[in-house]
Amino acid sequence: GQQVMQIPQYQHVQEGEDFTTYCNSSTTLSNIQWYKQRPGGHPVFLIQLVKSGEVKKQKRLTFQFGEAKKNSSLHITATQTTDVGTYFCGEGFKTIFGAGTRLFVKA
Amino acid sequence: KAGVTQTPRYLIKTRGQQVTLSCSPISGHRSVSWYQQTPGQGLQFLFEYFSETQRNKGNFPGRFSGRQFSNSRSEMNVSTLELGDSALYLCASSLATGHPSGANVLTFGAGSRLTVL
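What comes next is a walk through the structure. (Residues numbered from 1 in each chain as written. Chains lettered and ligands numbered in written order. Predicted model: local features only at pLDDT ≥ 70, side-chain atom pairs only at ≥ 80, totals over all residues. Heavy atoms only, no water.)

### Digging into the overall build of chain B
- Helix and strand content of chain B: zero helices and 11 strands.
- Each helix (α) and strand (β) of chain B, taken in turn from the N terminus, gives the series β-β-β-β-β-β-β-β-β-β-β.
- Against the globule reference of 13 Å for 117 residues, chain B gives a C-alpha radius of gyration of 14 Å, in line with a compact fold.
- Along the three orthogonal principal directions, the C-alpha set of chain B runs to about 40 × 30 × 25 Å.
- A fraction of 55% describes how many contacts in chain B between residues 6 or more apart in sequence connect residues 24 or more apart.
- Averaging the positions of the 11 positive and the 5 negative side-chain charges in chain B gives two centres separated by 5 Å. (Helix = DSSP H or I, 4+ residues; strand = E, 2+ residues; numbered from the N terminus. Rg over C-alpha atoms; globule rule 2.2 N^0.38 Å. Contact = heavy atoms within 4.5 Å. Lys, Arg positive; Asp, Glu negative; His and termini not counted. Charge placed at Lys NZ, Arg CZ, Asp CG, Glu CD.)

### Side note on the packing of aromatic side chains
Residue and element names in this part refer to chain B.
- Scanning the entire structure with this criterion turns up 12 aromatic pairs over all chains.
- Judged by centre distance (5.8 Å) and plane angle (45°), the rings of Y35 and F108 are tilted. With Y35 in strand β4 (residues 31-37) and F108 in strand β10 (residues 107-108), this pair connects stretches of sequence that are 73 residues apart. F108 matches Y35 in its accessibility class, with the two residues each being buried.
- Here the guanidinium or amino end of R55 rests over the ring plane of F50, the centre of that ring lying 4.4 Å away. (Phe/Tyr/Trp six-rings, centres within 6.5 Å; stacked < 30°, edge-to-face > 60°. Buried < 20%, exposed > 50% of the residue type's maximum accessible area, 1.4 Å probe, protein only. Lys NZ or Arg CZ within 6 Å of the ring centre and 35° of its normal.)

### Here's the deal with the nonpolar core
- In this structure, W34(B), L46(B), F64(B), M76(B) and Y89(B) are the most contacted members of the largest nonpolar core, which totals 21 residues.
- Looking at this core, the elements with two or more residues in it are β3 (19-24), β4, β5 (43-50), β8 (74-78), β9 (87-94) and β11 (112-116) of chain B.
- Formed by 19 residues, the second largest nonpolar core is a distinct cluster that contains I47(A), F63(A), F65(A) and C89(A). (Core = buried A, V, L, I, M, F, W, Y, C linked by side-chain atoms within 4.5 Å.)

### Details of the interface of chain A and chain B
- Taken residue by residue, the interface counts 19 residues in chain A and 20 residues in chain B.
- Approximately 1600 Å² of surface area, both sides summed, lies buried where chain A meets chain B, with 60% of it carried by carbon and sulfur atoms.
- Counting the contacts that link chain A with chain B gives zero salt bridges.
- There are two residue pairs in polar contact (both at pLDDT 80 or more) connecting chain A and chain B.
- When residues of the side of chain A that touches chain B are traced back to their parent elements, those giving at least two are β4 (32-37), β5 (44-49) and β10 (96-97) of chain A.
- Counting residues per element, the side of chain A that touches chain B draws most heavily on β4(A), which supplies three residues.
- Partitioning the side of chain A that touches chain B into residue classes produces nine nonpolar, 10 polar and no charged. (Buried area = accessible area lost by both parts, 1.4 Å probe. Salt bridge = Lys/Arg side-chain N within 4 Å of Asp/Glu carboxyl O. Polar contact = N/O pair within 3.5 Å; in protein donor to acceptor, adjacent residues only side chain to side chain. Nonpolar A, V, L, I, M, F, W, Y, C, P; charged D, E, K, R; others polar.)

### Topic: the pattern of salt bridges
Residues and elements named next belong to chain A.
- According to the stated counting rule, one finds seven salt bridges over all chains in the structure shown.
- Linking R60 and D83 is a salt bridge whose minimum nitrogen-to-oxygen distance equals 2.9 Å. In this pair, R60 sits in the loop between β6 (55-58) and β7 (61-65) while D83 sits in the loop between β8 (71-76) and β9 (85-91), placing the two residues 23 residues apart along the sequence.
- The class for D83 is buried, based on a relative accessible area of 5%.

### Observations regarding the state of the cysteines
- Going through the model one piece at a time under the given rule, you end up with two disulfides over all chains.
- Here C23(A) connects covalently by a disulfide to C89(A), the sulfurs 2.0 Å from one another. The disulfide joining C23(A) to C89(A) has a torsion of about 85° about its S-S bond and is therefore right-handed. Of this pair, C23(A) sits in strand β3 (residues 19-25) while C89(A) sits in strand β9; the two residues are 66 residues apart in sequence, bridging distant segments of the chain.
- For C23(A), a relative accessible area of 1% gives the class buried.
- Disulfide pairing is shown between C23(B) and C91(B); the S-S distance is 1.7 Å. (Disulfide = S-S within 2.5 Å.)

### Quick notes on the environment of G28(B)
- If you trace the backbone, G28(B) turns up in the loop between β3 and β4.
- Sequence separation between G28(B) and S94(B) is 66 residues, and the spatial gap between their C-alpha atoms is 8.6 Å.

### Some details on the sheet that holds β3(A)
Residues and elements named next belong to chain A.
- If you walk across this open sheet you meet the five strands as β1-β3-β8-β7-β6, and the pairing is antiparallel. Looking at the sheet topology across the chains shown, the edges are occupied by β1 (4-7) and β6. Pairwise comparison of adjacent strand axes, ignoring direction, gives a mean angle of 15° for this sheet.
- For β1 and β3, the ladder comprises four bridges, and the chain directions are antiparallel. Its bridge partner lying in β3, M5 is registered against N24. (Pairing = 2+ DSSP bridges. Axes fitted to C-alpha atoms, helices over the stretch in contact; angles between N-to-C directions.)

Right, dumping it as structure tokens:
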């Protein structure tokens, strides 16, 4: 069946460092969605990418959808303590998510 | 507008008991999905309901069941509880347009945290 893999599982960074998480699928995705879950909270929608090679930015966050639509990445520039949480990727419409990448930011 | 409401927020059960969790979606949202979240296991998809019909199902045993009512509210039930069922159960609703480009953007509730003793 379809699988969505995320790496790394955990990432510890110093505040101000960059961070990237990767999402890989065994099959072609119709779209990719990213969600963020703060500690003790619930997942919150960040963005959706639909087109091959699409790149979208939200302030310090850059989201990319691969040309083959089988992978995606989320890059955070100059992390802040407010970026702490778990980032999930998944294909919308099928509602299957990766295991998430948990980001720890040390001030 | 009101968000996704899940009740109860916390509950404690003992092995062998059963539990029913409730989810009220955002008004106008016809799809409700349920997820189990345990530490280190991410979001495990349980099932999705759309217009009172189960449309998708994850890889969980038959002890996990759900239903959706005509007003889109949904319930999930876990029978014969096991210790491993202790988890945060998240419900998410969406418009579910059915088209990939306008695909499900999920709005999650705060979850029901179940502890099985």
